[in-house]
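Read off the chains here:
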Amino acid sequence: MRMTAREREIVALLRAEPLLDAAALASRLGSTRAAVSVHLSNLTRKGVLLGRGYVLRPEADSVVVVGGAVLDSKVRTAVAPVLGTSNPGTSTSTVGGVGRNIAENLARLGSPTVLVAAVGDDLAGRTVIARTEAAGVECRHVVTSPHPTGTYSAVLDDGGDLLVAVADMRATDELSVSDLGVVPSLLTGADALVVDANLDVTVIRWLLSAAAEAGIPGILDPVSVAKATEAAPALDGTVPVHTVTPNVDELAALVGAPVGRDVEAVVAAAGVLHDRGVEHVWVRRGTSGSLLSIAPQPTPDAPAPARRVVLVGAPPTTVEDVTGAGDSMTAGYVHALMTGEDVVAAARFGQALAALTVATPDTVRPDLTAALVAAHLTPDTPPTEELHP
């Protein structure tokens, strides 16, 4: 339903200050409380307001991201690292977390994005929220945890490759379904849900089910081998999943068996996930690009088409820092889907964004725009090759 001019004014005020009540709104508008109450009732009936507290339906073509939000600390050796001793290098600190990084990338690309995550009631949490909101992400539904804001500490070698990372994610680990009760309401107005595997497997299953019930794509980012191992039981065929985005090691964790680096092994493992309800398996393969496996979708009137497997090449780039590359790939893929691209074009967009990300020391490029990525895409960059498994 269309909104009246007065209703649009009320929505604009609530987007800026969601805790305004009817009396405060009436004062801002030069109206009466009774008149504003009628407008609020009409907005609720139209589905623009979602329950108590004036929870606003996300904007059109929006994405809801649920996952980790932390403070990142990165140290990088100046020369080839030597274990067991001190190494010269540099250190930086910034906001991070897989879910939060995906959300910031999406917002910078122009996709309206809502982040649902957990931070502590501390300076670190306020810093995470402030910097994420400054990038254009809606953070009104971030949960305040009794635990400190999470931290992620990474050690990179002199070439920018990750040596080891340690994550303290207690605030995210202990998020429960009851903490996330607003999510189903948010999904009624969203076009996609992205879930990162920092969450408990019970929560992951519930979120993917909520996306299926809302009729929108559910995308799972496995995060790491350890988190993929814990999340694997959620992919048991009972809940349809639009896309899972592992690297080869995370793919092995998800299927519960070793996976070779060769294309045939990756294709076979992706088939296991198709059998468990995953429609698209997009496997990151580092400098070899990525492999997108698309499950056949039979219809009542036609036999199942052949399964598609597409190799997406990695565009040439100079690696400054690999941190955030996978997060940017997922964000680029989802953004492209939201703009109407098919999954192959979306994978190419995500692959190009990853190349742009690793070329900078930033986890999320501060100059990122959709136009920047588009400028690095040509019909053959990155190239694609369709296989016939």
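Here's what I pulled together on the structure shown here. The structure presented is a predicted model; accordingly, all values stated were derived computationally and were not measured.

## Digging into the pairing of strand β1 (residues 63-66)
Working note: regular strand, side chains alternate between the two faces of the sheet. The alternating pattern of β1 places Val 63 and Val 65 and Val 64 and Val 66 on opposite faces, both of which are buried. Bridge analysis of β1 against strand β4 (residues 113-116) gives four bridges, and the strand direction is parallel. Paired with Val 63 across the two strands is Thr 113, which belongs to β4. With four bridges joining them, β1 and strand β9 (residues 192-196) adopt parallel strand pairing. Within β9, the position partnered with Val 66 by the bridge is Val 195.

## Thoughts on the sheet that holds strand β13 (residues 290-294)
If you trace the nine strands from one edge of the open sheet to the other, you get β4-β1-β9-β10-β11-β12-β13-β14-β15, paired in mixed fashion. Either end of the sheet is taken by a strand with one partner, and the two such strands are β4 and β15 (384-387). Going across the sheet, the axis of each strand differs from the next one's by a mean of 20 degrees, ignoring polarity. Packing against the sheet, helix α4 (residues 98-109) makes contact with β1, β4, β9 and β10 (218-221), and its axis sits at approximately 165 degrees to β4. Across the sheet, helix α12 (residues 325-338) touches β1, β9, β10, β11 (241-244), β12 (278-284) and β13, and the angle it forms with β12 is around 140 degrees.

## Considering the packing of α4 against α12
Put simply, α4 and α12 touch, their axes get as near as 8 Å, and they point 45 degrees apart. The pairing of α4 with α12 is recorded here as oblique in orientation. Viewed along their axes, α4 and α12 form a crossing whose handedness is right-handed. Packed against α4, whose contacting residues are Val 98, Asn 101, Ile 102, Asn 105, Leu 106 and Leu 109, the element α12 presents Asp 327, Ser 328, Thr 330, Ala 331, Gly 332, Val 334 and His 335 at the interface. Considered class by class, the residues forming the contact of α4 with α12 number six nonpolar, six polar and one charged.

## Points about the layout of surface pockets
To find leftover empty space, a probe the size of one water molecule is rolled over the atoms. Of the voids in this model, the largest pocket is the one considered here, and its volume is about 1500 Å³. Forming the walls of the largest pocket are 50 residues, and the residues nearest its centre are Leu 162, Asn 247, Val 322, Ala 325 and Gly 326. Broken down by secondary-structure element, the contributors of at least two residues to the lining of the largest pocket are β2 (70-77), α4, β7 (150-156), β8 (162-168), α9 (225-231), α10 (248-255), α12 and α13 (343-358). Class assignment of the residues belonging to the lining of the largest pocket gives a composition of 24 nonpolar, 16 polar and ten charged. Estimates place the volume of the second largest pocket at around 360 Å³. Forming the walls of the second largest pocket are 21 residues, and the residues nearest its centre are Lys 74, Thr 92, Pro 361, Asp 362 and Thr 363. At six residues, the largest contribution of residues to the lining of the second largest pocket is made by strand β3 (residues 89-96). Classifying every residue of the lining of the second largest pocket by side-chain character gives six nonpolar, six polar and nine charged.

## A few points about the sheet that holds β7
Strand-to-strand pairing in sheets goes through backbone hydrogen bonds, with the strands running parallel or antiparallel. Read across the open sheet, the four strands follow the order β3-β2-β7-β8; overall the sheet is mixed. A strand with exactly one partner marks an edge of an open sheet, and here the two such strands are β3 and β8. For this sheet the average axis-to-axis angle between neighbouring strands, irrespective of direction, equals 15 degrees. Pairing between β2 and β7: seven bridges, direction parallel. Paired with Val 70 across the strands is Gly 150, a residue of β7. Sheet strands in contact with helix α5 (residues 123-134) are β2 and β3, and its direction is about 75 degrees off that of β3.

## With respect to helix α11 (residues 263-275)
In this model α11 runs 19 Å from its N-terminal to its C-terminal C-alpha over 13 residues, within 8% of the 18 Å that 1.5 Å per residue would give. Listed as buried for α11 are Val 263, Val 266, Val 267, Ala 269, Ala 270, Gly 271, Leu 273 and His 274. For α11, the secondary structure elements touched by its buried residues are α10, β12, β13, β14 (308-312) and β15. Gly 277 sits one or two residues past α11 and shows a positive phi near 95 degrees.

## Quick look at the pairing of β8
Sheet topology places β7 next to β8; six bridges connect them, and they run antiparallel. Bridging across to β8, Val 155 finds its partner in Val 164. Taken together, β7 and the strand that follows it, β8, pair antiparallel across an intervening segment of five residues, in which Gly 160 is found at a positive phi of about 90 degrees.

What counts, and where the lines are drawn
Numbering of residues starts from 1 in each chain and follows the order in which that chain's sequence is written. With the structure being a predicted model, the display of local features is reserved for residues of pLDDT at least 70 and the display and counting of side-chain atom pairs for 80 or more, all residues being used for whole-chain, interface and lining totals. Side-chain metrics rest on all non-hydrogen atoms present in the structure, leaving aside hydrogens and water. Relative accessibility decides the category of a residue: with a 1.4 Å probe and only protein chains considered, values under 20% of the type maximum give buried, values over 50% give exposed, and everything between is partly exposed. Helix numbering and strand numbering both begin at the N terminus, where a helix is a DSSP run of H or I of at least 4 residues and a strand a DSSP run of E of at least 2. A strand pair is defined by DSSP finding two or more bridges across the two strands. The angle between two axes is taken between their N-to-C directions and runs from 0 to 180 degrees, where each axis is a line fitted to C-alpha atoms and a helix contributes only its stretch in contact. Between two residues, a contact is recorded if the distance between any of their heavy atoms is within 4.5 Å. These descriptions rest on fixed angle ranges, namely under 35 degrees for roughly parallel, over 145 for roughly antiparallel, 65 to 115 for roughly perpendicular, and the rest for oblique. Each crossing is labelled by how the near helix is turned from the far one, with a counterclockwise turn of less than a right angle marking it left-handed and a clockwise turn marking it right-handed. Residue polarity follows a fixed list, in which Ala, Val, Leu, Ile, Met, Phe, Trp, Tyr, Cys and Pro are nonpolar, Asp, Glu, Lys and Arg are charged, and the others, Gly among them, are polar. The definitions used throughout rest on a 1 Å grid laid over the protein atoms alone, on which a cavity is an enclosed set of points accommodating a 1.4 Å probe that cannot get out and a pocket is an open set flanked by protein within 12 Å on both sides along at least five of seven lines; lining residues are those having an atom within 4 Å of a point. Grid points are joined across faces, edges and corners, and a volume is the space filled by probe spheres set on the points. A helix is expected to span 1.5 Å multiplied by its residue count minus one.

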